[in-house]
Amino acid sequence: MSSLTDALENARLTYDQHMRTCRQCHADGAACAVAKHLLRIYNNARREHLRSGGQHATTD
Ligand SMILES: [Zn+2]
């Protein structure tokens, strides 16, 4: 298990969980500052992951 895959999964789960639980995101119907921050982390992790060879995470 590569640490890049770990980071990617982690970022995705964190963002996922935020979107499920954040009242502000639901109230506004738009991503709050935290969601945007988490999404940026996820996008960065995904980019690193793709650059490293792009194997799919098996936990999906
Ligand atoms: Zn939010």
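In what follows, the accompanying structure is described. (Residues numbered from 1 in each chain as written. Predicted model: local features only at pLDDT ≥ 70, side-chain atom pairs only at ≥ 80, totals over all residues.)

Note that Asp6 resides in helix α1 (residues 3-21). The spacing of Asp6 and His49 is 43 residues in sequence and 9.8 Å in space, taken between C-alpha atoms. (Helix = DSSP H or I, 4+ residues; strand = E, 2+ residues; numbered from the N terminus.)

The subject of this paragraph is the nonpolar core. Residues Leu8, Ala11, Tyr15, Leu38 and Tyr42 constitute the largest nonpolar core, which totals five residues. With three residues, the top contributor of residues to this core is α1. Each residue touching Ala11, except ones within four places of it in the same chain, is listed here: Ile41, Tyr42 and Ala45. (Core = buried A, V, L, I, M, F, W, Y, C linked by C-beta atoms within 7 Å. Buried ≥ 20, exposed ≤ 12 C-beta atoms within 10 Å, placed from the backbone. Contact = placed C-beta atoms within 7 Å.)

Take the environment of Leu39 next. The topology assignment puts Leu39 in helix α3 (residues 33-51). Separated by 23 residues in sequence, Leu39 and Asp16 have C-alpha atoms that sit 9.4 Å apart. Residues in contact with Leu39, not counting those within four places in the same chain, are Tyr15 and Ala31.

To continue, consider α1. Taking 1.5 Å per residue as the helical rise, α1 with its 19 residues ought to reach 27 Å, and the 26 Å between its terminal C-alpha atoms agrees with that figure. All of the buried residues in α1 are Leu8, Ala11 and Tyr15. End-on, the buried residues of α1 take up no more than an arc of 70°, which puts them together on one face. Opposite its buried face, α1 presents the exposed residues Ser3, Leu13, Asp16, Gln17, Arg20 and Thr21, each directed more than 90 degrees away. (Expected span 1.5 Å × (residues − 1). Arc of directions from axis to C-beta.)

All right, on to the packing of α1 against α3 then. Packing of α1 against α3 brings their axes to within 9 Å, and their N-to-C directions diverge by 155°. The angle between α1 and α3 places the two elements in the roughly antiparallel class. The two elements α1 and α3 cross, and the hand of that crossing is left-handed. Only Val34, Ala35, Leu38, Leu39, Ile41, Tyr42, Ala45, Arg46, Glu48 and His49 of α3 make contact with α1, whose side of the interface consists of Leu4, Thr5, Ala7, Leu8, Ala11, Arg12, Thr14, Tyr15, His18 and Met19. Looking at the contact of α1 with α3, its residues break down into 13 nonpolar, four polar and three charged. (Axes fitted to C-alpha atoms, helices over the stretch in contact; angles between N-to-C directions. Parallel < 35°, antiparallel > 145°, perpendicular 65-115°, else oblique. Left-handed = near helix turned anticlockwise from the far one by under 90°. Nonpolar A, V, L, I, M, F, W, Y, C, P; charged D, E, K, R; others polar.)

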